[in-house]
Amino acid sequence: MKKIITLSFFIILAITGINAQITVSGVLDSTVSVIAGAGDAPDFSFGIEEYANLRFQARLREGATVYGAVNLLAAAGISAIGLSAMDLNIGSENFAAAIELERLYFRLRGEYLDFNGGLMRLPFGYGQVWGPSDFLNPRNPIKPDARPRAVLGASLTWYPIDELKMLGFFASPHNAFETEGKGSKFGLSMDRHWDRASVQALYSFEIPNEIPFANNSSKYGIHRAGLSVKADVVVGFVMDALYTYNHEAKTELDGLSFSAGFDYSFLGGDLIVLAEYLYNGEKSSTSIYGGGGFSNNHYLYAGFTYSFSDFTNMSLGLISCFDDISFIPSVSLNHEMFQGVTLTISAQVPLDRDLFNKDGNRGELGPIRPGAAAGSHFNGNARVRIRF
């Protein structure tokens, strides 16, 4: 990892040497976390994390741009455990630290064609909460602050007419050491926009992989087809669906991930209500088998955000799993202390039937997931974010 960061630094220097226009920006988060443990977990856990995301953008004349982003992390206590799976570069007696390359790609821009290549995001779908179509980087609304991951790949975008976008893309395999390209993904998407509606169609094929690296692999290859729609009618409506066909796994309806929801504003826009349902097939893009994070079928997110002023708002949300009757209520308070500096205080309280009845009916969203020995009754954190 140190070599990667050093190489990135020299790339920036080389770009500077040819008179590129470089801009640098970023965010700095200082977070304090508190967890009340359940099961075998400690009754009380405390953590501190210092996180910075440094971004640069370098324009080369009119037609080319280089983008990059690096994450710098230092943590102690419960927050340091999350760094154990990363390449630790720096450490001390009272903290663990890591450096992570988040983005590094270039864009060649033409009048009707754009080409992107490198370590970048390839997002799909219009879903606000669950994002079934975003199969390359599955979302998890239980962790809304999780940083979206990038993939090593390339894309070619064509704009044949206004409000129409055609995209062809390639994404490298999940296994970085796959030398034959097995598990690589190729695909096409089309976006069409109107004044009050947008539609996206998506197709992707994953190259056959005879030596499975993950559950969702196949020696016959994997097909994915999706459709996403958003419309601004009486309410803001969104639908997002992706069907995954794996012949080896004999995929049927269990390959479907489907979400639909709406948002609506009241009180002159001060109150925004959002609700979105998810059907999660056992072998779909949002399932644990398919690389997502969910194991049941039916979920609902419902919440609202109220703005007290231009500087302060509060959000209440509830994530529900209907299959095993489990819930995660959450609350978040955001206050902009002054320009570029925001304080956020948030908390989650996992609930299920076993918590109240002690009958062994643990839920997926409850304090202790089925099959696990430890979990949490309460997760809270306070964060100060500085933008620069």
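For the structure itself, look to the data block above.
Figured I'd write up the structure that's included with this text. Starting afresh in each chain, residues are numbered from 1 along the sequence in its written order. Thresholds applied to this predicted model are a pLDDT of at least 70 for local features of residues and 80 or more for the giving and counting of side-chain atom pairs; totals over whole chains, interfaces and linings are not thresholded and use all residues. Side-chain numbers here rest on the full set of heavy atoms in the structure, without hydrogens or water.

1. Focus: the overall build of the chain
The following threshold applies: In DSSP terms, a helix is any run of H or I states spanning at least four residues, a strand is any run of E spanning at least two, and both are numbered starting from the N terminus. In this setup the radius of gyration rests on C-alpha atoms only. A globule is expected at 2.2 Å times the number of residues raised to 0.38. Remark: exposure states derive from per-residue accessible area (1.4 Å probe, protein chains only) relative to the maximum for the residue type, with buried under 20%, exposed over 50%, and partly exposed in between. Whether two residues are in contact is decided by their heavy atoms, any of which lying within 4.5 Å being enough. Computed by Shrake-Rupley with a 1.4 Å probe, the accessible areas treat only the displayed protein chains as cover when residues are assessed. Here Asp and Glu are counted as negative and Lys and Arg as positive; His is not counted, and neither are the chain ends. A charged residue contributes its charge at one atom only: NZ of Lys, CZ of Arg, CG of Asp or CD of Glu.
Scanning the chain from N- to C-terminus turns up two helices and 20 strands. For 388 residues, the compact-globule formula gives about 21 Å, and the C-alpha radius of gyration of the chain, at 22 Å, lands near that figure. Dimensions of the chain along its principal axes, counting C-alpha atoms only, are 65 × 55 × 50 Å. Looking at the 388 residues of the chain, the share that counts as buried comes to 41%. Sequence separation of at least 24 residues holds for 50% of the intrachain contacts in the chain that already meet a minimum separation of 6. Of the roughly 20800 Å² of accessible surface on the chain, a fraction of 62% belongs to carbon and sulfur atoms. Between the mean site of the 30 positive side-chain charges and the mean site of the 39 negative ones, the chain shows a separation of 5 Å.

2. Thoughts on the packing of aromatic side chains
Centre-to-centre distance and the angle between the planes together describe a pair of aromatic rings. Formally: Pairing of aromatic rings covers Phe, Tyr and Trp, the last through its six-membered ring, and needs centres within 6.5 Å; plane angles under 30 degrees mean stacked, over 60 mean edge-to-face, and all others mean tilted.
Counted by the stated rule, this structure contains 10 aromatic pairs. Ring geometry for Y67 versus Y105: centroids 4.9 Å apart, planes at 20°, classification stacked. Residue Y67 is located in strand β3 (residues 64-77), and its partner Y105 is located in strand β5 (residues 96-109); the two are separated by 38 residues in the primary sequence. For the pair Y67 and Y105, a shared accessibility class is recorded, and that class is buried. Among the aromatic residues, those joined into a cluster by ring pairs are F124, F135 and F169.

3. Details of the pairing of strand β2 (residues 45-60)
So the rule is basically this: Any two strands with at least two DSSP bridges between them are considered paired.
With 15 bridges connecting them, strand β1 (residues 21-39) and β2 associate as antiparallel partners. In the strand pairing of β2, V24 is matched with F56. The antiparallel hairpin formed by β1 and β2 contains five residues in its connecting segment. Relative to β3, β2 is paired through 14 bridges, and the arrangement is antiparallel. Looking across to β3, one finds that R59 is bridged to T65. Where β2 folds back onto β3 in an antiparallel hairpin, the turn is made up of three residues, including R61, whose phi is positive at roughly 60°.

4. What to know about the environment of I222
Secondary-structure assignment places I222 in strand β11 (residues 222-232). In this structure the C-alpha to C-alpha distance between I222 and S204, which are 18 residues apart in sequence, comes to 8.2 Å.

5. What about the pattern of salt bridges?
When the charged atoms of two side chains lie near each other, side chains of opposite charge can form a pair. Filter applied, for reference: The salt bridge criterion pairs a side-chain nitrogen of Lys or Arg with a carboxyl oxygen of Asp or Glu, the two atoms within 4 Å.
Evaluation of the coordinates by the stated rule reveals 11 salt bridges. Its salt-bridge partner being R121, residue D134 comes within 3.5 Å of it at the nearest N-O pair. Of this pair, D134 sits in the loop between β6 (113-120) and β7 (151-158) while R121 sits in the loop between β6 and β7, and the two are 13 residues apart along the sequence. A residue is classified by how much of its surface remains accessible, and D134, at 1% relative accessible area, is buried. A salt bridge links R224 to E206; the shortest N-O distance between them is 3.0 Å. You can see R224 sitting in strand β11 and its partner E206 sitting in strand β10 (residues 197-206), a full 18 residues away along the chain. Through salt bridges that share partners, R121, D134 and R139 make up one connected network.

6. Section: the nonpolar core
Here is the rule: By nonpolar core is meant a set of buried Ala, Val, Leu, Ile, Met, Phe, Trp, Tyr and Cys residues that side-chain atoms within 4.5 Å join together.
Within the largest apolar cluster, 13 residues are counted, with the highest numbers of intra-cluster contacts made by L122, F124, F135, L136, V151, F169 and L202. Of the residues forming this core, the biggest block, three residues, is contributed by strand β8 (residues 164-171). Among all residues touching L136, those that are not within four sequence positions of it are L122, F124, V151, A171 and K185. Counting residues in hydrophobic clusters, the runner-up holds 12 residues, among them V129, L274, F294 and I319.

7. A short note on the pairing of strand β15 (residues 298-307)
Relative to β15, strand β14 (residues 271-280) is paired through nine bridges, and the arrangement is antiparallel. Counted as the bridge partner of E276 is Y301 from β15. Both β15 and strand β16 (residues 312-321) contribute to a ladder of nine bridges, which runs antiparallel. Following the sheet pairing, Y301 is matched in β16 by I319.

8. What about unusual backbone geometry?
The residue E163 is not glycine, and still its phi comes out positive at about 70°. Tracing the chain through its elements places E163 in the loop between β7 and β8. Look at E163 and you get partly exposed, because its relative accessible area is 48%. Its identity as a non-glycine residue notwithstanding, K250 has a phi of 55°, on the positive side. Considering the arrangement of structural elements, one finds K250 in the loop between β12 (236-246) and β13 (256-266).

9. Section: a nonpolar patch on the surface
Short version of the rule: Patch membership requires over 30% relative accessible area and the absence of a salt bridge. Like charges are linked within 9 Å, and nonpolar side chains (Val, Leu, Ile, Met, Phe, Trp, Tyr) within 5 Å.
The grouping of F106, L108, Y112, L113, F115, L156 and W158 at the surface amounts to a nonpolar patch, some 660 Å² of accessible area in total. When residues of the nonpolar patch are traced back to their parent elements, those giving at least two are β5, β6 and β7. On the secondary structure map, W158 appears in strand β7.

10. Side note on the side chain of D354
The condition is simple: Pairs of N or O atoms are called polar contacts if they sit within 3.5 Å, as long as, within protein, a hydrogen donor faces a hydrogen acceptor (for residues adjacent in sequence, only side-chain-to-side-chain pairs).
Position of D354 relative to the elements: it lies in helix α2 (residues 353-357). Only 2.7 Å separates the side chain of D354 from the backbone nitrogen of G360, close enough to count as a polar contact.

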